Amino acid sequence: MRIAIDARLSFSFQGGITQYTLNLIRALAAVDRENTYTILQRRADQRVIASQSNFRRVHLWTPAHHPLEQYLLSLELLAHHNVDLIHWTDFIPPLYSHRPNVITVHDLAFLLYPHFLTRDSAKYYGLIDQAVRRADHIIAVSEATKRDLVRLTGTPPKKITVIYEAAEPIYTPIQDQDALIDIRSRYRLPDQYILFVGTIEPRKNLKTLIRAFDLLRTNYKSPAHLVIVGKQGWLYEDVYQLIEELSRQNEIHFLGRVPTADLPLLYNAAQMLVLPSFYEGFGLPPLEAMACGIPVIVSNISAMPEVVGDAALRVEPEDVEGFAVAMNRLLTEADLRADMIAKGRKRAKCFSWQRAALETIDVYQKVVKMR
């Protein structure tokens, strides 16, 4: 098979979809020497994502999420006709394409929580109904996302295959205490901190986490700080305003986007990860944290129970006191902490990018044979 994979978004946006795309391509390169792959990249993107001989790059002018992307990309792809299938990893294929299309749908937050998006984002992802109709097959990253697709877009279940993501191998326990001391020193962090990893946007429910953290400090007299890793997304101003109202500027640290190499160290140096999101199509940070050997608290909604199983504490997303209690328990109950760490490491091993790559190849074969 001759397969093209859209990797344009990875040049300009960092986040879950970018990580999915890069990890999938690398995993495909590790397991597949038979099929040929064309990686569609931005013209300014000079990275070699996969160097194997059956992988090649094609540079396109059209940027991801451009207002005219649907039309410009259709024209640009006319010059690249020697593929059997194109995999669009960012939901939306071009408007005009006669080649078989596979799309990956990561979540449907834009349908469930439209007030959490900017106008431009809502407009772009609002094309989802057309996208799922035009796609020959759909990859969903969780059973929860598949259920949402069936319920919200009327997509037949047989048109959807669930393929889970995984934590990268770099996420592993680190025993080098000097390295952990160094990472805390470089980012000016205290010995005890609670970690959040994700974009600062309403869907991530950071305001609930901050209120719970305030309770943790006030009611339980915890010395732990809160560390937030991730870029500013949209509608983030309320988060900073709340911190000022609570006078917690000195105990809450915003690190912004950090180098990928620093993330395993930041996980390992943390007391726990908390992800209180209103909605996640999958949710990689809990898996990364569990693979690193730290306990996890998540909201009990969407795909997160499916991902963490019984290996994390789960709280209703708007239960401020519930999150405060859960954080305090992991800080003060040694047996619970040890149990969650052991279960988390075992759970993280259930997910594999190699398996994801092999299952994705099966989808490609199914679609090409169908056409």
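Caption draft 1: Structural detail: the packing of helix α9 (residues 206-219) against helix α14 (residues 320-332). Remark: α9 packs on α14, axes separated minimally by 8 Å, with the N-to-C direction vectors making an angle of 55 degrees. Comparing their axes, α14 and α9 come out oblique. α9 and α14 meet at a crossing whose hand is right-handed. Residues Thr208, Leu209, Arg211, Ala212, Phe213, Leu215 and Leu216 of α9 form the contact with α14, whose own contacting residues are Val320, Glu321, Phe323, Ala324, Met327, Asn328 and Leu331. Partitioning the contact of α9 with α14 into residue classes produces 10 nonpolar, 2 polar and 2 charged.

Caption draft 2: A look at the sheet that holds strand β13 (residues 313-315). Strand order in this open sheet of 6 strands is β10-β9-β8-β11-β12-β13, and the pairing throughout is parallel. Whereas interior strands pair on both sides, the edge strands pair on one side only; in this sheet they are β10 (252-256) and β13. Averaged over all pairs of adjacent strands, the angle between their axes in this sheet comes to 25 degrees, without regard to strand direction. Here strand β12 (residues 296-299) runs beside β13; their pairing, made up of 3 bridges, is parallel. Bridge pairing in β13 links Val298 to Arg314.

Caption draft 3: Expanded view of the pattern of salt bridges. Tallying each qualifying case throughout the model produces 18 salt bridges. One salt bridge in this structure joins Asp191 and Arg184, with 3.8 Å as the shortest N-O distance. Using a relative accessible area of 60% as the deciding quantity, one classes Asp191 as exposed. Take Arg184: its relative accessible area is 14%, and that puts it in the buried class. A salt bridge links Lys343 to Asp339; its shortest N-O distance comes to 3.4 Å. Residue Lys343 and its partner Asp339 are located together in helix α15 (residues 334-348), separated by 4 residues, close to a single helical turn.

Caption draft 4: A look at the state of the cysteines. The final tally for this structure, using the stated rule, is 0 disulfides. Free of any disulfide, Cys292 has its nearest cysteine sulfur in Cys350, 16 Å distant. A residue is classified by how much of its surface remains accessible, and Cys350, at 43% relative accessible area, is partly exposed.

Caption draft 5: Broad picture of unusual backbone geometry. Positive phi outside glycine occurs at Lys221, with the angle close to 55 degrees. Relative to the helices and strands, Lys221 is located in the loop between α9 and β9 (225-229). Positioned with a positive phi, Ser302 is a non-glycine residue whose angle comes to about 50 degrees. Position of Ser302 relative to the elements: it lies in the loop between β12 and α13 (304-308).

Caption draft 6: Main features of the packing of helix α12 (residues 284-292) against α15. It is the contact of α12 with α15, at a shortest axis distance of 7 Å, that shows an interaxial angle of 115 degrees. Here α12 runs over α15; the crossing is left-handed. Facing α12, whose interface residues are Leu287, Met290 and Ala291, α15 presents Gly344, Arg345, Arg347 and Ala348. Within the contact of α12 with α15, the residues separate by chemical class into 4 nonpolar, 1 polar and 2 charged.

Caption draft 7: Highlighting the side chain of Ser10. Within the secondary structure, Ser10 is located in helix α1 (residues 9-12). Overall, Ser10 belongs to the buried group, its relative accessible area being 3%. A polar atom in the side chain of Ser10 sits 2.7 Å from the backbone oxygen of Ala7. When residues no more than four places from it in sequence are discounted, the contact partners of Ser10 are Thr18, Leu22, Asp45 and Arg47.

Caption draft 8: Spatial organisation of α14. Across its 13 residues, α14 extends 19 Å between first and last C-alpha, which sits within 8% of the 18 Å expected from 1.5 Å per residue. Restricting attention to buried positions, one finds in α14 the residues Gly322, Phe323, Ala324, Ala326, Met327, Asn328 and Leu330.

Caption draft 9: View of the environment of Thr38. Checked against the element boundaries, Thr38 lands in strand β2 (residues 36-42). When the C-alpha atoms of Thr38 and Asn82 are compared, they prove to be 9.6 Å apart, with 44 residues separating the residues in sequence. Excluding residues that lie within four positions of it along the chain, Thr38 makes contacts with Ile3, Ala4, Ile5, Arg56, Val58 and Val83.

What counts and how
Within any chain, residue numbers begin from 1 and follow the written order of that chain's sequence. At least 70 in pLDDT is required for a residue's local features to be given in this predicted model, at least 80 for side-chain atom pairs to be given and counted, and no such filter applies to totals for whole chains, interfaces and linings, which use all residues. The basis for the side-chain values is all heavy atoms of the structure; hydrogens and waters are excluded. Convention adopted: a line fitted to C-alpha atoms gives each axis, helices being fitted over their contacting stretch, and angles between N-to-C directions are expressed from 0 to 180 degrees. The secondary structure listing takes helices from DSSP runs of H or I that are at least 4 residues long and strands from runs of E that are at least 2 residues long, numbered from the N terminus. When describing relative orientation, an angle under 35 degrees is termed roughly parallel and one over 145 degrees roughly antiparallel, while 65 to 115 degrees is termed roughly perpendicular and anything else oblique. By convention, the crossing between two helices is left-handed when the near helix turns anticlockwise from the far helix through less than a right angle, and right-handed when the turn is clockwise. Note on contacts: a residue pair qualifies if any of its non-hydrogen atoms lie within 4.5 Å across the two residues. Side-chain classes are defined by residue name, with Ala, Val, Leu, Ile, Met, Phe, Trp, Tyr, Cys and Pro counting as nonpolar, Asp, Glu, Lys and Arg as charged, and the others, Gly among them, as polar. Strand pairing requires that DSSP identify at least two bridges connecting the strands. Each salt bridge in this description consists of a side-chain nitrogen of Lys or Arg and a carboxyl oxygen of Asp or Glu lying within 4 Å of one another. The buried label applies to any residue whose accessible area, calculated with a 1.4 Å probe on protein chains only, is under 20% of its type's maximum; exposed applies above 50%, and partly exposed to all values in between. Here, the term disulfide refers to a pair of cysteine sulfur atoms separated by no more than 2.5 Å. Identification of polar contacts relies on pairs of N or O atoms within 3.5 Å, with a donor-acceptor requirement for protein atoms, meaning one able to donate a hydrogen and the other able to accept it, and with residues adjacent in sequence counted only if both atoms are side-chain atoms. Multiply 1.5 Å by the residue count of a helix minus one, and that product is the helix's expected span.

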